[in-house]
Amino acid sequence: MALDISQGRRPDRKLRWGFAQGEILKRRAGATVKGCLHSGILALFFFAVPLWGQEGKVCASPEGVFTGDPSLIWSQVEEFVHLSPVSEKYKNVFGLFVPGENYIIGGALLGKAYSSVADRDCDLVIVVTSAPERTRGVFISSVRGFRTPVGYISSDLGVVRTILGACPEISLKSDSFPEQFWYQLPFIQYVLGSPSVIAVQVGKMDFHRVSSIAKKIAQVIGGRNPLVVFAGKLSVGKSDLRVASLDKNAIEFISQLDAQKLVELSGVFPDVDMPDIYGIVFAILMMSNLGAKKGDVLRHITTTGIPREKYSGLVSAVFYDRKLSSKGGIALSPADGMALWELAKSIIFEHKVPRKIPRKLYRYHAGVFVTLFDDDSIIAQTGDLFTNMNVVEAVAKYSKLLISPRRIPRVNIYALKNPSLSVSIAEPVEDVQLPSPDMGIYIRWGDKVIVTMPGEFGNFSPQRRLEKTCLKGGIPSRGWCSPECEVYYFRVQSFSGVIEPNAQGD
């Protein structure tokens, strides 16, 4: 059996791509000017004056940060987001910790973090980076927007003015934003669409001051749907063992959002530096003031450049209020499930899309597998456990892939004698050490994905099922024990039916 597991992608993201996003700012610009001219807010006048001279400025990414090909950048971001998606479902996400590295070094970690907020409703992103060494204070962007090869993304000068009114000690900045800031913008555009972005740089300052500013900014933006993104390194040192040792302690404090302990930790290892400690602390304090209660480190690596002079600790983390349990999941009614089945059948056998699809199905997000049978034999199967698409988009996408002329081996539906079709809606199962027979197995080894559906190899022990799944995908039978291998379990709701001869012959 040839199993075709496609990377789940969200087609509507390209419709939101930034090539034609300039009009997003128009309605904001007018409201911003009117608000600042209000004569009753005299105190804000002095802070707004420096901004007026910058309102027309758009800051472009420096030469060399990105390749000049927008489609290549978009493809890279898309692949990283779907390369290793998070298995957890988070509710009330307030922030991310991501590496401020180029995509070759940090792309997989960036994708891991941003995949956790792919369906989040967000209208404002605060990207926090560290100011240059020996710089003191906090700086905030005063430009109208930012432009990368993949398009334009606006700022929000109204929010900036309000922040300046609450925190007059913050300085304005209209250029020279660091590379780690620019690397975030394509990911933000891909997973969140077109929120406003404000750049904040944090230099050296005492803990009381950084805590006060972070709290004030959180109060200003708390009425929005904000996301705080810190981009930078966790640690730098000449010994990978020493870097890993510091990072182990730092990760514990990051998970607890304990900014004070992180500051104290930065002086414990004299041979390991935390170059971005002030930015890290500032971002964590902002997330905490917005409502974050816990942080999950999704991935941590220690990497080095060439020549091997220094090691860097890089982290991918998400900060949230609480996590949704997968046990609740979505429960489709038989009628809803068969509506998805009809969608798959129409695309595969009739090459058309049904006119009426229940609107509520567009609200559901889950994994999807589409399986084609002839008698009791599986002819073809496509799908993925992790996708940012809603179930309607996913069923349509994978149904088209199943009969694609580029698929190898190509499926000839007209040669099937007794065809039947199954659409399975899949959701990960958390906090399970080994799979029961009614659970599917999803294994990712590098770029290779291997799937065993619930019931498959069901007469074997859980360990043997895992081994047979590995062998099915051409990796060592004990590969599931390797730290390089990601293993997930899932349950499905399946909706099946026999294909009538007249449908097959259309």
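What counts, and where the lines are drawn
Residues numbered from 1 in each chain as written. Predicted model: local features only at pLDDT ≥ 70, side-chain atom pairs only at ≥ 80, totals over all residues. Heavy atoms only, no water. Helix = DSSP H or I, 4+ residues; strand = E, 2+ residues; numbered from the N terminus. Buried < 20%, exposed > 50% of the residue type's maximum accessible area, 1.4 Å probe, protein only. Areas by Shrake-Rupley, 256 points an atom, 1.4 Å probe, with all protein chains shown as cover. Salt bridge = Lys/Arg side-chain N within 4 Å of Asp/Glu carboxyl O. Core = buried A, V, L, I, M, F, W, Y, C linked by side-chain atoms within 4.5 Å. Contact = heavy atoms within 4.5 Å. Lys, Arg positive; Asp, Glu negative; His and termini not counted. Expected span 1.5 Å × (residues − 1). Pairing = 2+ DSSP bridges. Axes fitted to C-alpha atoms, helices over the stretch in contact; angles between N-to-C directions. Phe/Tyr/Trp six-rings, centres within 6.5 Å; stacked < 30°, edge-to-face > 60°. Lys NZ or Arg CZ within 6 Å of the ring centre and 35° of its normal. Parallel < 35°, antiparallel > 145°, perpendicular 65-115°, else oblique. Left-handed = near helix turned anticlockwise from the far one by under 90°. pLDDT = per-residue confidence, 0-100. Disulfide = S-S within 2.5 Å. Nonpolar A, V, L, I, M, F, W, Y, C, P; charged D, E, K, R; others polar.

J.: Would you take a moment to explain the overall build of the protein for this structure?
T.: Looking only at helices and strands, the protein has 16 helices and 20 strands in total. Counting the 506 residues in the protein, one finds 53% classified as buried. With an accessible surface of roughly 22,400 Å², the protein has 52% of that area assigned to carbon and sulfur atoms.

J.: Which parts of the structure should I look at to understand the pattern of salt bridges?
T.: When the charged atoms of two side chains lie near each other, side chains of opposite charge can form a pair. All chains considered together, the criterion is met by 16 salt bridges. Glu-350 is paired through a salt bridge with Lys-352; the nearest N and O atoms lie 3.8 Å apart. With its nearest N and O atoms 3.0 Å apart, the salt bridge here joins Glu-456 to Lys-472. On the criterion of sequence distance, the pair formed by Glu-456 in the loop between β19 (448–452) and α15 (462–472) and Lys-472 in helix α15 is long-range, its members being 16 residues apart. When salt bridges that share partners are traced, they join Glu-342, Lys-345, Glu-350 and Lys-352 into one network.

J.: Sorry, what's going on with the nonpolar core here?
T.: In summary, soluble globular proteins display a tendency toward joint burial of nonpolar side chains. Ranked by size, the top nonpolar core spans 54 residues in total, and within it Leu-262 and Phe-282 carry the most contacts. With 10 residues, the top contributor of residues to this core is helix α12 (residues 277–290). Not counting residues within four places of it along the chain, the set of residues in contact with Leu-262 comprises Ala-250, Phe-253, Ile-254, Met-274, Ile-277, Ile-280, Val-281 and Ile-284. Judged by nonpolar contacts, the second largest core, of 44 residues, contains Ile-73, Val-125, Val-143 and Tyr-190.

J.: Honestly, the side chain of Asp-384 in this entry has me stumped. Any pointers?
T.: Relative to the assigned elements, Asp-384 resides in strand β16 (residues 377–384). Within the buried core, Asp-384 has no salt-bridge partner, and the shortest N-O distance to an opposite charge, that of Arg-444, equals 4.5 Å.

J.: Teacher, can you tell me more about α12 here?
T.: Given 3.6 residues per turn, any residue in an α-helix points the same way as the ones three and four places further on. When the terminal C-alpha atoms of α12 are compared, their 20 Å separation across 14 residues agrees well with the 20 Å that a helix rising 1.5 Å per residue should span. Among the 14 residues of α12, 11 are classified as buried, and the element is accordingly described as predominantly covered. Where α12 is concerned, the buried positions are Ile-277, Gly-279, Ile-280, Val-281, Phe-282, Ala-283, Ile-284, Leu-285, Met-286, Met-287 and Leu-290. Phi for Gly-291, located one or two positions after α12, is positive at around 130°.

J.: Is there a simple way to explain the sheet that holds strand β6 (residues 145–148) in this structure?
T.: In a beta sheet, neighbouring strands pair by backbone hydrogen bonds and run either parallel or antiparallel. The mixed open sheet is built from 3 strands, whose spatial order is β2-β6-β7. Lying at the two open borders of the sheet, with one neighbouring strand each, are β2 (58–60) and β7 (151–154). Looking at each pair of strands side by side, their axes are set apart by 25° on average, direction ignored. Bridge count between β6 and β7: 4 bridges; the pairing is antiparallel. Across the sheet, Phe-146 pairs through a bridge with Ile-153, a residue of β7. Its contacts with the sheet put helix α8 (residues 184–192) on β6 and β7, and the angle it makes with β7 is roughly 85°.

J.: Before we go on, may I ask you to explain the packing of aromatic side chains in this structure?
T.: For any pair of aromatic rings, the description rests on two quantities: the centre-to-centre distance and the angle between the ring planes. Here the structure, examined in full by the defined rule, presents 19 aromatic pairs. A connected cluster of aromatic rings, assembled from ring pairs, spans Phe-66, Phe-80, Tyr-103, Tyr-114, Tyr-183 and Phe-187. Taking NZ or CZ as reference, Lys-468 lies 5.2 Å from the ring centre of Phe-457, over its face. Stacked on the ring of Phe-460, the Lys or Arg Lys-468 has its end atom at 4.9 Å from the ring centre.

J.: Where do I start with the packing of helix α9 (residues 207–221) against α12 in this structure?
T.: Running from amino to carboxyl end, α9 crosses α12 at an angle of 45°, the nearest separation of the two axes being 8 Å. Taken together, the axes of α9 and α12 are oblique relative to one another. For the crossing formed where α9 meets α12, the hand is right-handed. Contacts between α9 and α12 pair Phe-207, Val-210, Ser-211, Ile-213, Ala-214, Lys-215, Ile-217, Ala-218 and Ile-221 from the former with Tyr-278, Val-281, Phe-282, Leu-285, Met-286, Asn-289 and Leu-290 from the latter.

J.: Looking at this structure, how should I read unusual backbone geometry?
T.: With glycine set apart, most residues show a phi of negative sign, and most peptide bonds adopt trans. Cis geometry marks the peptide bond from Ile-408 to Pro-409, where omega comes out at -5°. Looking at the secondary structure, you find Pro-409 in the loop between α14 (391–402) and β17 (419–429). For Arg-134, which is not a glycine, the phi torsion comes out positive at approximately 70°. By the element assignment, Arg-134 lies in the loop between β4 (124–130) and β5 (138–141).

J.: When you look at the confidence of the model for the protein in this model, what are you seeing that I'm missing?
T.: Reading predicted coordinates in detail is not appropriate for stretches of low pLDDT. Looking at the protein, the pLDDT average stands at 84 and 85% of residues meet or exceed 70. Of the regions scoring below 50 in pLDDT, residues 1–50 engages in 103 contacts with residues more than four places distant in sequence or in other chains.

J.: Help me out: how do you make sense of the pairing of strand β10 (residues 226–231) in this one?
T.: Every other side chain in a regular strand lies on the same face of the sheet, so the side chains alternate between the two faces. The element β10 is extensively covered by neighbouring structure, given that 6 of its 6 residues are classed as buried. Where burial is concerned, the two faces of β10 agree: the one with Pro-226, Val-228 and Phe-230 and the one with Leu-227, Val-229 and Ala-231 are both buried. Here 4 bridges tie strand β3 (residues 89–98) to β10, and the two strands are oriented parallel to one another. Bridging across to β10, Gly-95 finds its partner in Val-228. Pairing geometry for β4 and β10, over 5 bridges, is parallel. Within β10, the residue paired with Val-128 across the bridge is Phe-230.

J.: So what exactly am I meant to see when it comes to the state of the cysteines here?
T.: By definition, a disulfide links the sulfur atoms of two cysteine residues through a covalent bond. Scanning the entire structure with this criterion turns up 0 disulfides. Cys-485 supplies the cysteine sulfur nearest to Cys-470, a cysteine that is in no disulfide, at a spacing of 5.5 Å.

J.: Can you help me understand the packing of helix α4 (residues 70–83) against helix α5 (residues 103–114) in this one?
T.: Each pair of packed helices gets described by two things: the angle between the helix axes and the distance between those axes. Their axes nearest at 7 Å, the elements α4 and α5 cross at an angle of 50°. In terms of their interaxial angle, α4 and α5 are classed as oblique. In the crossing of α4 with α5, the sense of the turn from one axis to the other is right-handed. Between α4 and α5, the residues in contact are Ile-73, Gln-76, Val-77, Phe-80, Val-81 and Leu-83 and Tyr-103, Gly-107, Ala-108, Gly-111 and Lys-112, respectively. For the contact of α4 with α5, the residue count by class is 7 nonpolar, 3 polar and 1 charged.

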